[in-house]
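# Coordinates in review
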Amino acid sequence: MSTKDSRSQKEKMLAGDLYIADDQELSTASRRAFLLMREYDAAYGKDLDAAQRVLHEMLGSVGEGVNIKPPFMIDYGFNISVGANTFANYGLVALDVGTITIGRDVQIGPNVQLLTPTHPLEPELRLAKYEAAKPIVIEDNVWLGGGAIVLAGVTIGKNSVIGAGAVVTKDIPANVVAVGNPARVIRQIGPQD
């Protein structure tokens, strides 16, 4: 006997379960995010206070002293939290189908991608347009080099450095340098640094 799942597509998405993004509620939220992105990008060059107000409206939470240079691209925004004194250079893509948690004092290079969406391997589910997501966590004082890509389900430990162009496919512990595709730890960060 099968039971029908009565949850909305958004509720399924937020739970990390398979869902279909072509849904009125999610489509409305995505268009709202798109308009806020454009408003933020336009305000950033004219009035930083106005840009900060838009950023607070766009994201789930924003700490004091956050600076994200446009263009800044998101799916929804409400699944993103950014800690105090975090800086992101031009071209951050943060696809927040799942939650994206960025800690305090994080440095994000240009053209970094934080990608929470996943897609089924089973062809029939992909044809039916199902997708899901896994969260991303960037802990305090992490540095993501330019062009780094962080995939769904990854946590990067505090104080770690991810080299430019790295593709992070699995968790990275605290206090290390990781580089490459896929990213691998090449050394610990210690007092000599």
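Look above for the structure.
## Comments concerning helix H3 (residues 48-58)
The set of residues buried in H3 consists of Ala50, Ala51, Val54, Leu55 and Met58. Along the axis of H3, the buried positions cluster into a sector of 140°, meaning they face one direction only. Turned more than 90 degrees away from the buried face of H3, the exposed residues are Asp49 and Arg53. Where H3 begins, the capping side chain belongs to aspartate 47, and its oxygen is found 3.1 Å from the backbone nitrogen of aspartate 49.

## Some points on the sheet that holds strand S9 (residues 107-108)
As summarised here, the arrangement of the 7 strands in space is S3-S6-S9-S14-S17-S19-S20, forming an open sheet in which the pairing is mixed. Both outer strands of the open sheet, strand S3 (67-68) and strand S20 (184-188), are each paired with one neighbouring strand and no more.

## A word on the pattern of salt bridges
Following the criterion strictly, the structure yields 4 salt bridges and no others. A salt bridge links aspartate 5 to arginine 7, with the nearest nitrogen and oxygen atoms 2.7 Å apart. Given a relative accessible area of 33%, aspartate 5 falls into the partly exposed group. Residue class for arginine 7 comes out partly exposed when judged on its relative accessible area of 30%. With its nearest N and O atoms 3.5 Å apart, the salt bridge here joins arginine 38 to aspartate 41. In this pair, arginine 38 and aspartate 41 both sit in helix H2 (residues 24-44), 3 residues apart, roughly one turn of the helix. Among the residues examined, arginine 38 registers a relative accessible area of 38% and is labelled partly exposed. Sharing partners across several salt bridges, the network here consists of Asp5, Arg7 and Asp17.

## Regarding the pairing of strand S7 (residues 92-95)
When strand S4 (residues 72-74) meets S7, the two strands line up parallel, connected through 3 bridges. Bridged to methionine 73 within S7 is valine 93. Examined bridge by bridge, S7 and strand S10 (residues 113-115) share 3 bridges and lie parallel to one another. For valine 93, the partnering residue across the bridge sits in S10 and is glutamine 113.

What counts, and at which threshold
Residues numbered from 1 in each chain as written. Predicted model: local features only at pLDDT ≥ 70, side-chain atom pairs only at ≥ 80, totals over all residues. Heavy atoms only, no water. Buried < 20%, exposed > 50% of the residue type's maximum accessible area, 1.4 Å probe, protein only. Helix = DSSP H or I, 4+ residues; strand = E, 2+ residues; numbered from the N terminus. Arc of directions from axis to C-beta. Polar contact = N/O pair within 3.5 Å; in protein donor to acceptor, adjacent residues only side chain to side chain. Pairing = 2+ DSSP bridges. Salt bridge = Lys/Arg side-chain N within 4 Å of Asp/Glu carboxyl O.

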